[in-house]
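Chain residues, written in single-letter form:
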Amino acid sequence: QVRLVESGGGLVQAGGSLRLSCAASGDIFSLYAMGWFRQAPGKEREFVAAISCVGGNTGYADVVKGRFTISRDNAKNTVDLQMSSLKPEDTAVYYCAADPRGLGPRGWAYSSEISEYDYWGQGTQVTVSS
């Protein structure tokens, strides 16, 4: 029911920046915590960042802390991932995901677990060259 479409991927040089965007439709966006995950060839999908429904609480994987920033705009039904100081190790398909938590106590939290997310986008390729 919820559709998520990522955009903004591409090829960048190491040390460069890239901004990914995810557009949501089909449900009330503000009721979902939003996450970004990535998957490199031959590897498992891994957590990158997430932001809660309420309060804008955020969390990041250790390997991207200080380099990536997640944000959301409920008026536009979008969630972005600003990536800077990119490394070749960041090369992967990046996925946007939605986790229904609502505006109660659970809405202040987010999850880093793939199993908590009900909806996923198609992914966008990010390639970082050395």
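Since the model is a prediction, treat every value here as computed from it, not as a measurement.

Rules behind the numbers
- Residues numbered from 1 in each chain as written.
- Predicted model: local features only at pLDDT ≥ 70, side-chain atom pairs only at ≥ 80, totals over all residues.
- Heavy atoms only, no water.
- 1 Å grid on protein atoms, 1.4 Å probe; cavity = no way out; pocket = protein on both sides within 12 Å on 5 of 7 lines; lining within 4 Å.
- Points joined across faces, edges and corners; volume = space filled by probe spheres on them.
- Nonpolar A, V, L, I, M, F, W, Y, C, P; charged D, E, K, R; others polar.
- Phe/Tyr/Trp six-rings, centres within 6.5 Å; stacked < 30°, edge-to-face > 60°.
- Helix = DSSP H or I, 4+ residues; strand = E, 2+ residues; numbered from the N terminus.
- Buried < 20%, exposed > 50% of the residue type's maximum accessible area, 1.4 Å probe, protein only.
- Lys NZ or Arg CZ within 6 Å of the ring centre and 35° of its normal.

A. Empty space enclosed by the protein, seen in detail. Within this structure, the stated rule accounts for 1 cavity of 30 Å³ or more. Considered as a void within the structure, the largest cavity measures approximately 40 Å³ in volume. Lining the largest cavity, in full, are V2, L4, A24, S25, D27, I28, F29, Y32, M34 and A98. Broken down by class, the residue content of the lining of the largest cavity amounts to 8 nonpolar, 1 polar and 1 charged.

B. Representation of the packing of aromatic side chains. Per the counting criterion, the structure on display carries 5 aromatic pairs. Ring plane angle 65° and centroid distance 6.2 Å describe the contact between Y32 and Y119, whose orientation is recorded as edge-to-face. Of the two residues, Y32 sits in strand β4 (residues 32-39) while Y119 sits in strand β10 (residues 119-120), which places them 87 residues apart along the sequence. Judged by relative accessible area, Y32 falls into the buried class, the value being 7%. The exposure class assigned to Y119 is partly exposed, which follows from its relative accessible area of 24%. A connected cluster of aromatic rings, assembled from ring pairs, spans F37, F47, Y117 and W120. The ring of Y95 has R45 sitting right over it, with the charged end atom 3.7 Å from the ring centre. Looking at R72, its charged tip hangs above the ring of F29, at a distance of 4.5 Å from the centre.

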